[in-house]
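# Architecture and fold: a report
The chain contents come next:
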Amino acid sequence: MRAGPGIMPAHVPDGVTELGDGIARGGGPVGVDVYFDYQCPFCKQFELTTGPTLDGLVEDRMITLVHHPVAFLDAASTDRYSSRASSASGCAADQGRFAEYTYALFAAQPPEGGPGLPDDELARLGESVGVTEPAFGICVRRHTYLDWAAYVTAVAIRQGVNATPTVYVEGVSVPANTQMIVAAVASLSPGPR
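First, a word on scope: everything that follows refers to the structure included in this document. (Residues numbered from 1 in each chain as written. Predicted model: local features only at pLDDT ≥ 70, side-chain atom pairs only at ≥ 80, totals over all residues. Heavy atoms only, no water.)

## What to know about the packing of helix 1 (residues 41-59) against helix 3 (residues 98-107)
Test applied: Between N-to-C directions, angles span 0 to 180 degrees; the directions come from axes that are lines fitted to C-alpha atoms, helices contributing only their stretch in contact. Working definition: helices are DSSP H or I runs of at least four residues, strands are E runs of at least two. Numbering for both runs from the N terminus. Our angle categories are set so that under 35 degrees counts as roughly parallel, over 145 as roughly antiparallel, 65 to 115 as roughly perpendicular, and the remainder as oblique. Each crossing gets its handedness from the near helix: less than a right angle anticlockwise from the far helix is left-handed, clockwise is right-handed. Should any heavy atoms of two residues lie within 4.5 Å, those residues are considered in contact. Under this grouping Gly is polar, as are all residues other than the nonpolar Ala, Val, Leu, Ile, Met, Phe, Trp, Tyr, Cys and Pro and the charged Asp, Glu, Lys and Arg.
Running from N to C, helix 1 and helix 3 point in directions that differ by 130°, and their axes come no closer than 9 Å. One way to sum up the angle between helix 1 and helix 3 is to call them oblique. Where helix 1 crosses over helix 3, the handedness of that crossing is left-handed. Across the interface between the two elements, C43, K44, E47 and L48 of helix 1 pack against T102, Y103, F106 and A107 of helix 3. Here the contact of helix 1 with helix 3 is built from residues that sort into five nonpolar, one polar and two charged.

Now the structure itself:
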């Protein structure tokens, strides 16, 4: 599944993978990669239903979860919302709140076809999940990680990802539903000795 990453941008958020194409959480033995777009309604449904299970697998040290916030749907808004939201998620990663911020972004997801949330609202969402550092708002408003969002998207396309949400468990495509992901992880998890 992994393809050559191309040139990594100069600025990447804290917690990126070795290739720089996602935010890694956890340290479990089974790798799970989730590709999503903050503008995608199906990704919102996936995050709200499957996200808590994935968080539990991270907490139980069963998986290493890599989030790949792609910007496939920039044209579905009037202001490149997918890219701006991905950039803002990088700012949240710098503050150690990527997962919480991702959930907040999906909970507040604007409809496709119009403007996305303005930068000031993206900054306020950070406050709602405990990010109070002024650096976060500055990072969001300056679009510090727009190049990173483009890079994550380009790498995903090179790897054959063409829809969201897309899930891989140890490099094998798995349907984006809770039961299938849990079953795939369980089949690869080390058993009791």
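## Remarks on the sheet that holds strand 4 (residues 166-169)
Spelled out, the test is: Pairing between strands requires that DSSP locate at least two bridges from one strand to the other.
If you trace the five strands from one edge of the open sheet to the other, you get 1-3-2-4-5, paired in mixed fashion. Looking at the sheet topology across the chains shown, the edges are occupied by strand 1 (23-25) and strand 5 (172-174). If you compare each strand with its neighbour and ignore which way they point, the axes differ by 25° on average. As paired elements, strand 1 and strand 3 (residues 63-69) share three bridges and run antiparallel to each other. Counterpart to R25 in the pairing with strand 3 is L65. Here helix 7 (residues 178-188) sits on the sheet in contact with strand 2 (30-36), strand 3, strand 4 and strand 5, set at roughly 15° to strand 4.

## Looking at the packing of aromatic side chains
Here is the rule we go by: Ring pairs shown here join Phe, Tyr and Trp side chains whose ring centres sit within 6.5 Å, with only the six-membered ring taken for Trp; geometry is labelled stacked below 30 degrees between planes, edge-to-face above 60, and tilted in between. Categorising residues by exposure relies on relative accessible area from a 1.4 Å probe, with only protein chains included: less than 20% of the type maximum marks a residue as buried, more than 50% marks it as exposed, and the intermediate range marks it as partly exposed.
Summed over all chains, the structure comprises six aromatic pairs. Ring centres of Y38 and F106 lie 5.3 Å apart, and the angle between their planes is 40°; this geometry places the pair in the tilted category. Of the two residues, Y38 is situated in the loop between strand 2 and helix 1 and F106 in helix 3; the sequence distance between them amounts to 68 residues. Residues Y101 and F136 carry aromatic rings whose centres are separated by 5.4 Å and whose planes lie at 80° to one another, so their mutual orientation is edge-to-face. Placement of Y101 in helix 3 and of F136 in helix 5 (residues 134-142) is noted, with a sequence separation of 35 residues between them. With relative accessibility at 0%, the residue Y101 sits in the buried group. What links up through ring pairs into an aromatic cluster is the set F36, Y38 and F106.

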